[in-house]
Amino acid sequence: MSLWPVILGVAVGSFLLRASFLSLVDPARVPARVRRVLPFAPAAVLGALLASSLHGPVAEGAAGPGGGLARLGALVLAGLAAWWTESVLVTLLAGMAMLWTLTALT
Amino acid sequence: MSTPRTAFRAGARAILPFLVGVVVFGSVAGSSARDLGLSALQSATLAGLLFAGAAELVTLDLLARGAPLLVVVATALIVNARLALYAAALSPHMTGLSGGQRLGLAAFVTDQPFVLTWRGFATPLPSAARAAYFLGAALPMWITWQAAHLAGFAYGARLPAQLSLDFALPLTFVAVLVPRLRERGPRTAALVAAGLYPVCAGLPLQLGLCAAAGAGVLVSALRGGEPRA
């Protein structure tokens, strides 16, 4: 099986991405314009990831029951919990409780 | 939390709630690796060196469909392209570290420790404490991922599907993102990216995520607003 080239390819490639601006390339050489927008990148990636979790699970094959509507409802409640409490744990509990409730009802 | 030791502890405390999702995701990835016929060493290499759940699941999915080597590697690296953004955002904060230390730190760059550190940097910390905070969050995360991945490989994901525990992952994204939406820049970036994702989802090579996120960054940059470095 030719699995090793793929495994090493993705692993080494990902390490180079991680190391890029941390140690291989001087961040001072990153253009100022790029540096200015970088703080927005995590928010954008998280927003897209969230949309993709409604569109289809990131973890393909890990999808349990609970259709898109139950997931949307759970995300909305979790969002309110996150806004008010700023606590990861409360957000997790609120979202899971909502998902289970909506799944049981539908 | 000004000394490295207290910063490390603060990072470790902050990552704790995230580990629930890591356990679930890691065991799913481990059992998927086994289903595909990877050896224990191959599975452990993915867990330890790749150390990126979404990219790993994409890799395994494409391998299972018999995609050619170059397509698999390229797609996984596109999914992981955000890690370069994280590295660039972390870099100015990791001053006073040797080249070797920065290289070592790089191995642990991944979503949750980064977003935590990103949030933590809202309050100024001395640079030594920043690296310690990041490592305090990243190290427990790495160890948990290895353990969950191994357990998933050995026992399969025995967690009942009825619980939908995979949903813990997007919930952790909500927990991190929503408090940041009070600021205009991140809010624009997140809303544009989320709104565009359904349009971009059809793009080939899993480019949808990158395209939507890129558009979000672009629009928020054009609108201006005060970024927080």
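Note that residues are indexed from 1 along each chain, following the sequence as it is written. Chain letters and ligand numbers both follow the written order, the letters beginning at A and the numbers at 1. Restriction of local features to residues with pLDDT of at least 70 applies here, the model being predicted, together with a cutoff of 80 or more for giving and counting side-chain atom pairs; totals for whole chains, interfaces and linings are based on all residues. Side-chain figures throughout are based on the complete set of non-hydrogen atoms in the structure, without hydrogens or water.

## Observations concerning the overall build of chain A
Stage number 1. What chain A contains, in helices and strands, is five helices and zero strands.
Stage number 2. Runs of E in the DSSP output that reach at least two residues are strands. Runs of H or I that reach at least four are helices, and both are numbered from the N terminus. In chain A, the succession of helices and strands from N to C terminus is α-α-α-α-α.
Stage number 3. Burial status across chain A gives 45% buried among its 106 residues.
Stage number 4. Contacts are assigned to residue pairs with any non-hydrogen atoms lying within 4.5 Å of each other. Partitioning the intrachain contacts of chain A with sequence separation of at least 6 by distance along the chain shows that 33% fall at a separation of at least 24.
Stage number 5. As presented, chain A carries roughly 5100 Å² of accessible surface, and 71% of it is formed by carbon and sulfur atoms. Each residue gets one of three labels from its accessible area relative to the maximum for its type: buried under 20%, exposed over 50%, partly exposed in between, using a 1.4 Å probe on protein chains only. Using the Shrake-Rupley algorithm and a 1.4 Å probe, accessible areas are obtained, with residue cover drawn only from the displayed protein chains.

## Description of the interface of chain A and chain B
Stage number 1. Each partner contributes to the interface: chain A provides 64 residues, whereas chain B provides 89 residues.
Stage number 2. Between chain A and chain B, a total of about 6800 Å² is buried, with carbon and sulfur atoms accounting for 80% of that surface.
Stage number 3. Summed over both partners, buried area is the accessible surface (1.4 Å probe) that two parts give up on being assembled. Considering only the side of chain A, the residues that lose the most area to chain B are A:R18, A:L22 and A:F40, jointly responsible for 13% of the buried surface there.
Stage number 4. Just to be clear on terms, a salt bridge is a Lys or Arg side-chain nitrogen sitting within 4 Å of an Asp or Glu carboxyl oxygen. For the pair chain A and chain B, the interface holds one salt bridge.
Stage number 5. A salt bridge links A:E86 to B:R182, with the nearest nitrogen and oxygen atoms 2.6 Å apart.
Stage number 6. As used in this structure description, the phrase polar contact means that two N or O atoms lie within 3.5 Å; if the pair is within protein, one of them must be able to donate a hydrogen and the other to accept it, and residues adjacent in sequence are counted only when both atoms belong to side chains. Summed over the shared surface of chain A and chain B, the result is eight residue pairs in polar contact (both at pLDDT 80 or more).
Stage number 7. For the side of chain A that touches chain B, the secondary structure elements donating two or more residues are α1 (3–24), α2 (32–37), α3 (41–55), α4 (68–85) and α5 (88–105) of chain A.

## Points about the packing of α5(A) against helix α10 (residues 168–180) of chain B
Stage number 1. Angular values range over 0 to 180 degrees, each being the angle between N-to-C directions of two axes fitted as lines to C-alpha atoms, with helices fitted over their stretch in contact. At their nearest, the axes of α5(A) and α10(B) sit 9 Å apart, and the two run at 135° to each other. By the angle class used here, α5(A) and α10(B) are oblique. As for the relative orientation of α5(A) and α10(B), their crossing is right-handed in sense. Note on element contacts: α10(B) touches α5(A) through B:A168, B:L171, B:T172, B:V174 and B:A175, opposite A:V88, A:T91, A:L92, A:G95 and A:M96. Note on angle classes: values under 35 degrees are labelled roughly parallel, values over 145 roughly antiparallel, values of 65 to 115 roughly perpendicular, and the remainder oblique. Throughout, a crossing is termed right-handed when the near helix is turned clockwise from the far one, and left-handed when it is turned anticlockwise from it by less than a right angle.

## Describing helix α3 (residues 40–50) of chain B
Stage number 1. What α3(B) keeps buried is the set B:Q42, B:S43, B:T45, B:L46, B:A47, B:G48 and B:L50.
Stage number 2. Of the surrounding secondary structure, the elements contacted by the buried residues of α3(B) are α1 of chain A together with α2 (19–35), α4 (53–64) and α9 (127–155) of chain B.
Stage number 3. A positive backbone phi angle near 45° is found at B:F51, which sits one or two residues after α3(B).

## Description of the packing of aromatic side chains
All names here are of chain B.
Stage number 1. Aromatic pairs are defined between Phe, Tyr and Trp rings, using the six-membered ring for Trp, whenever the two ring centres lie within 6.5 Å; interplanar angles under 30 degrees are classed as stacked, those over 60 as edge-to-face, and all others as tilted. Under the counting rule described, the total for this entry stands at two aromatic pairs over all chains.
Stage number 2. Relative to F114, the ring of Y86 has its centre 4.2 Å away and its plane inclined at 10°; by these criteria the two rings are stacked. Of this pair, Y86 sits in helix α6 (residues 82–90) while F114 sits in helix α8 (residues 111–120), and the two are 28 residues apart along the sequence. Judged on exposure class, the residue Y86 and its partner F114 are both buried.
Stage number 3. Taken together, a centroid distance of 6.3 Å and an interplanar angle of 80° make the contact between F108 and W142 edge-to-face. One end of the pair, F108, is in the loop between α7 (99–106) and α8; the other, W142, is in helix α9, and 34 residues separate them in sequence.

## Re the environment of B:G37
Stage number 1. In this fold, B:G37 is placed in the loop between α2 and α3.
Stage number 2. In this structure the C-alpha to C-alpha distance between B:G37 and B:A64, which are 27 residues apart in sequence, comes to 9.7 Å.
Stage number 3. In this view, B:G37 contacts A:L3 and B:Q42; residues no more than four positions away in its chain are not counted.

## Regarding empty space enclosed by the protein
Stage number 1. Definitions used throughout: a 1 Å grid over protein atoms alone; a cavity as a set of points that fits a 1.4 Å probe which cannot get out; a pocket as an open set with protein on both sides within 12 Å along at least five of seven lines; a lining residue as one with an atom within 4 Å of a point. Grid points are joined across faces, edges and corners, and a volume is the space filled by probe spheres set on the points. Tallied over the full model, the rule gives three cavities of 30 Å³ or more.
Stage number 2. By volume, the largest cavity amounts to about 190 Å³.
Stage number 3. Only Asp, Glu, Lys and Arg are considered charged, only Ala, Val, Leu, Ile, Met, Phe, Trp, Tyr, Cys and Pro nonpolar, and every remaining residue, Gly among them, polar. Counted by class, the lining of the largest cavity contains 13 nonpolar, three polar and two charged residues.

## Let's talk about unusual backbone geometry
All names here are of chain B.
Stage number 1. The backbone of F51 shows a phi angle near 45°, a positive value even though the residue is not glycine.
Stage number 2. In this structure, F51 sits in the loop between α3 and α4.
Stage number 3. The class for F51 is buried, based on a relative accessible area of 2%.

## Description of the confidence of the model for chain A
Stage number 1. For every residue, the pLDDT score states the predictor's confidence, bounded by 0 at the bottom and 100 at the top. Taken residue by residue, chain A gives an average pLDDT of 80. The fraction at 70 or more is 80%.
Stage number 2. When the criterion is pLDDT under 50, residues 57–65 of chain A qualifies, and its contacts beyond four places in sequence or with other chains add up to 22 contacts.

## Structural notes on the side chain of B:N80
Stage number 1. Its place among the elements puts B:N80 in the loop between α5 (69–79) and α6.
Stage number 2. Since its relative accessible area comes to 0%, B:N80 is described here as buried.
Stage number 3. Leaving out residues up to four positions away in the same chain, B:N80 has contacts with A:S14, A:L17, B:L50, B:A52 and B:A55.

## Brief notes about the packing of helix α1 (residues 4–15) of chain B against α9(B)
Residue and element names in this part refer to chain B.
Stage number 1. Relative orientation of the contacting elements α1 and α9 amounts to 35°, with a least axis distance of 7 Å. Read as a crossing pair, α1 and α9 show a hand that is right-handed. Residues P4, A7, F8, A10, G11, A12, A14 and I15 of α1 lie in contact with α9, whose contacting residues are A128, A129, A132, Y133, L135, G136, A137, L139, P140 and M141.
Stage number 2. The class makeup of the residues in the contact of α1 with α9 is 16 nonpolar, two polar and no charged.

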